[in-house]
Amino acid sequence: MKPISLLIALVISLATVGTAAAQQAQTPGKLATLFEDVFGPTGLVVNSEAVLPDGTTHSAHFNSAFQSNFTQFNVALVSQLTALPLPSPASGFTYAFDSATGTFRRTTRSFGPILSDRAETIGRGQLSVGFNYQHFSFDSLDGVDLSTVPAVFTHDDFQLGGGRLDVVTTANTVEASLAQWTGAITYGITDRIDVSLAIPIVRTTLSVVSNAQIQRIGTNDPAVHFFLDETAREGFGDHKQFFGQGSASGVGDLIARVKANAVREETRALAVGVDVRLPTGDEKDLLGSGAWGVKPFAALSASHGRLSPRANIAWQWNGRSVLANDVRAGLTGELPDQLFYVVGTDVGVSERFSLALDVLGQHVFDTPLLVERAFPVGASERTFADIDFVTGSIDALAGSAGLKINVAPHILVNFNLRFHISGGGLQDRLTPLVGVEFGS
């Protein structure tokens, strides 16, 4: 089977598996509204049987605080969850036509990067087909450990005091993971221009466990605010656990690329290009961004014996998406723009083996930032751990170390580890990648 036929078959089979998995999910609704489902009026609800002086029953109005806090958490989390890096579509095999011999010759001794780009193009009429798998299991958001996210929910008009000073404190565990299978096709239109298409198949899993406790700051009567025992349908409980989970699979956002050599000399080259992201993934299930994206970039690379150092810079412009505002209401907002930069090198260890080492930087502009704070309650002088959101920028650094092995003529096998170095945003301590590439 030809490489391109193999890629198409793999994409179709994975899409079929993904659809079946999504249909078997037991949790209703969409992943992007999971937090609202858990913390909204159908989830974490405080009950009341208190009777007001006019004979009406008091209602425990905490839901607006639940939704306002975790809508922002949703925006902060999912806007970054759908902006994860794809493996580079740059071919491991690059060629140039040698007019003296009438044949194509390899232009580099190493097999190129894995998560970044080099300036060399693949060569006129050359075809490369790659397939990679990487798995993200996220640990923190803006430095806040996702296994222990505190949140305090207040009563409507809590500033009026009295019974409204009661609060609900929660200890929350958020588990978010993403498995990404990516097929990439690269074709050389000329010796200096090539085009690529990256096709991701994504499986996203999201869950939240919230252990809630009513803190009776303004009341002593357990009938005023309580959690109902759903089994016995009675009892005034101070504690309750709430849970939500879901997963979805399918095609993510496709990325089309054009790259061209602006400068190509014997030992150095400069390329410029642009990636265009198509919003083909279902953003409500966190499979795609829900917005068009344009990413112009430049790649500089050189060759010094076995070393092939490189540097990249790119600007990611993003359009509007419901993930940046209110998914349930269908209101859109601007996804944050990002600046990317990379320095790294390849090391051609032998004719069949090379190393790829990179430091990857990211700057995210004007995005919701999660911060922890101490929440004081009235004149009680009691404080509870809480979260808040501010608008600002994120800087993050990651490292990447991988290897490429030429296991057979025109076939490479890739192994890579991406690891967090410093900074905020949505972070995974260690992201593994495995892949295979077929060159013509």
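In this report, the structure presented in the accompanying data block is examined.

Here is what the cut-offs are and how they apply
- Along each chain, residue indices are assigned from 1 in the same order as the chain's sequence is written.
- Local features in a predicted model are, by the rule used here, given only for residues with pLDDT of at least 70; side-chain atom pairs are given and counted only at 80 or more, and totals for whole chains, interfaces and linings are based on all residues.
- With hydrogens and water set aside, each side-chain value is computed from the structure's full complement of heavy atoms.
- Note on conventions: DSSP H or I runs of at least 4 residues are helices, E runs of at least 2 residues are strands, and numbering of each starts at the N terminus.
- The cut-offs for exposure are 20% and 50% of the maximum accessible area for each residue type, with area from a 1.4 Å probe on protein chains only; residues under the lower value are buried, those over the upper are exposed, and the others partly exposed.
- The contact criterion used is simple: two residues touch if any of their non-hydrogen atoms lie within 4.5 Å.
- Computed by Shrake-Rupley with a 1.4 Å probe, the accessible areas treat only the displayed protein chains as cover when residues are assessed.
- Side-chain rings of Phe, Tyr and Trp (the six-membered ring for Trp) are treated as a pair once their centres are within 6.5 Å; stacked means planes under 30 degrees apart, edge-to-face means over 60, and tilted covers the remaining angles.
- Two conditions define a charge located above a ring, namely a distance within 6 Å from the ring centre to NZ of Lys or CZ of Arg, and an angle within 35 degrees of the ring normal.
- In this description, a nonpolar core means a group of buried Ala, Val, Leu, Ile, Met, Phe, Trp, Tyr and Cys residues linked to one another through side-chain atoms lying within 4.5 Å.
- Patch membership needs two things, relative accessible area over 30% and no salt bridge, and members are linked within 9 Å if like-charged or within 5 Å if nonpolar (Val, Leu, Ile, Met, Phe, Trp, Tyr).
- In the sections that follow, a salt bridge refers to a side-chain nitrogen of Lys or Arg positioned within 4 Å of a carboxyl oxygen of Asp or Glu.
- We treat two strands as partners when DSSP finds at least two bridges between them.

Before going further, it helps to spend a moment on the overall build of the chain. Counting secondary structure elements, the chain contains three helices and 23 strands. Buried positions account for 50% of the 440 residues belonging to the chain. Across the chain, every contact between residues at least 6 apart in sequence was considered, and the portion connecting residues at least 24 apart equals 68%. For the chain, the exposed area adds up to about 19300 Å²; of that, 58% sits on carbon and sulfur atoms.

Turning our eyes to something else, we now look at the packing of aromatic side chains. In the structure shown here, the tally under the stated rule is three aromatic pairs. Residues Tyr133 and Trp181 carry aromatic rings whose centres are separated by 5.2 Å and whose planes lie at 45° to one another, so their mutual orientation is tilted. Residue Tyr133 is found in strand S3 (residues 127-137), and its partner Trp181 is found in strand S7 (residues 167-188); the two are separated by 48 residues along the sequence. Relative to Phe365, the ring of Trp315 lies with its centre 5.1 Å away and its plane at 35°, an arrangement referred to as tilted. Separated by 50 residues along the polypeptide, Trp315 in strand S15 (residues 307-318) and Phe365 in strand S19 (residues 353-377) bring together distant segments of the chain. Lys295 extends its terminal NZ or CZ atom over the ring of Phe340, reaching a point 4.5 Å from the ring centre.

Membership of the largest hydrophobic core comes to 38 residues, with the highest contact counts inside it found for Phe39, Leu44, Phe138, Leu146, Val168, Leu206 and Phe227. Going through the elements one at a time, helix H2 (34-39), strand S6 (149-154), S7, strand S8 (193-215), strand S11 (239-251), strand S16 (320-326) and strand S20 (382-408) are the ones with two or more residues in this core. Ranked by residues supplied to this core, first place goes to S8 with five residues. Residues Val152, Leu165, Val167 and Ile217 belong to the second largest nonpolar core, which totals seven residues.

Moving on to a nonpolar patch on the surface. Side chains of Val343, Val359, Leu417, Phe419, Ile421 and Leu430 sit close together on the surface and give an oily, nonpolar patch of about 480 Å² of accessible area. Ranked by residue count, the leading element in the nonpolar patch is strand S21 (residues 411-423), at three residues. Among the secondary structure elements, Val343 is positioned in strand S18 (residues 338-350).

Of note in this structure, Asp142 is not a glycine but carries a positive phi near 55°. Considering the arrangement of structural elements, one finds Asp142 in the loop between strand S4 (140-141) and strand S5 (144-145). Its identity is not glycine, yet His410 carries a phi of approximately 70°, on the positive side. Mapped onto the elements of the fold, His410 is located in the loop between S20 and S21. Its relative accessible area of 37% is what places His410 among the partly exposed residues.

One open sheet holds the three strands; their spatial order is S5-S4-S22, and the pairing between them is antiparallel. The open sheet has two edge strands with one neighbour each: S5 and strand S22 (426-427). Relative to S5, S4 is paired through two bridges, and the arrangement is antiparallel. Paired with Leu141 across the bridge in S5 is Val144.

So, on to the environment of Ala311. Checked against the element boundaries, Ala311 lands in strand S15. Relative accessible area serves as the criterion here: at 30%, Ala311 is assigned to the partly exposed category. Note: C-alpha distance between Ala311 and Val359 (48 residues apart in sequence) is 9.7 Å. Those residues in contact with Ala311 that lie beyond four places of it in its chain are Ala298, Ala299, Leu300, Val342 and Val343.

Looking now at the side chain of Ser140. Along the chain, Ser140 falls in strand S4. Look past the residues within four positions of Ser140 in its chain and what remains in contact with it is Asp145, Leu146, Gly425, Leu426 and Gln427.

It is possible for side chains bearing opposite charge to pair when their charged atoms get close. Going through the model one piece at a time under the given rule, you end up with 14 salt bridges. Asp139 serves as the salt-bridge partner of Arg429, at 3.2 Å between the closest nitrogen and oxygen. On the criterion of sequence distance, the pair formed by Arg429 in the loop between S22 and strand S23 (430-439) and Asp139 in the loop between S3 and S4 is long-range, its members being 290 residues apart. Since its relative accessible area comes to 57%, Arg429 is described here as exposed. You can call Asp139 buried: its relative accessible area is 18%. A salt bridge links Asp388 to Arg373, with the shortest nitrogen-to-oxygen separation between them at 3.8 Å. Remark: Arg373 occurs in strand S19 and Asp388 occurs in strand S20; sequence separation between them is 15 residues. You can call Asp388 partly exposed: its relative accessible area is 31%. Several salt bridges converge on common partners, so that one network encompasses Lys30, Asp282 and Asp285.

Across three bridges, the pairing between S16 and strand S17 (residues 331-334) is antiparallel. Pairing of Asp326 across the sheet is with Leu331, part of S17. Joining the antiparallel neighbours S16 and S17 is a turn of four residues, in which Gly330 adopts a positive phi near 75°.

This next bit is on the pairing of S15. Because side chains alternate across S15, one face comprises the buried residues Ser308, Arg310, Asn312, Ala314, Gln316 and Asn318, and the other comprises Leu307, Pro309, Ala311, Ile313, Trp315 and Trp317, none of which is buried. With seven bridges connecting them, strand S14 (residues 293-302) and S15 associate as antiparallel partners. From the neighbouring strand, Ser301 faces S15, where its bridge partner is Arg310. Between S14 and S15, which pair antiparallel in sequence order, lie four residues; one of them, Gly305, sits at a positive phi of approximately 65°. Strand direction decides the pairing type here: S15 and S18, joined by ten bridges, are antiparallel. Across the sheet, the residue bridging to Pro309 is Thr345, located in S18.

In short, the description is geometric, and any link to function would need to be established separately.
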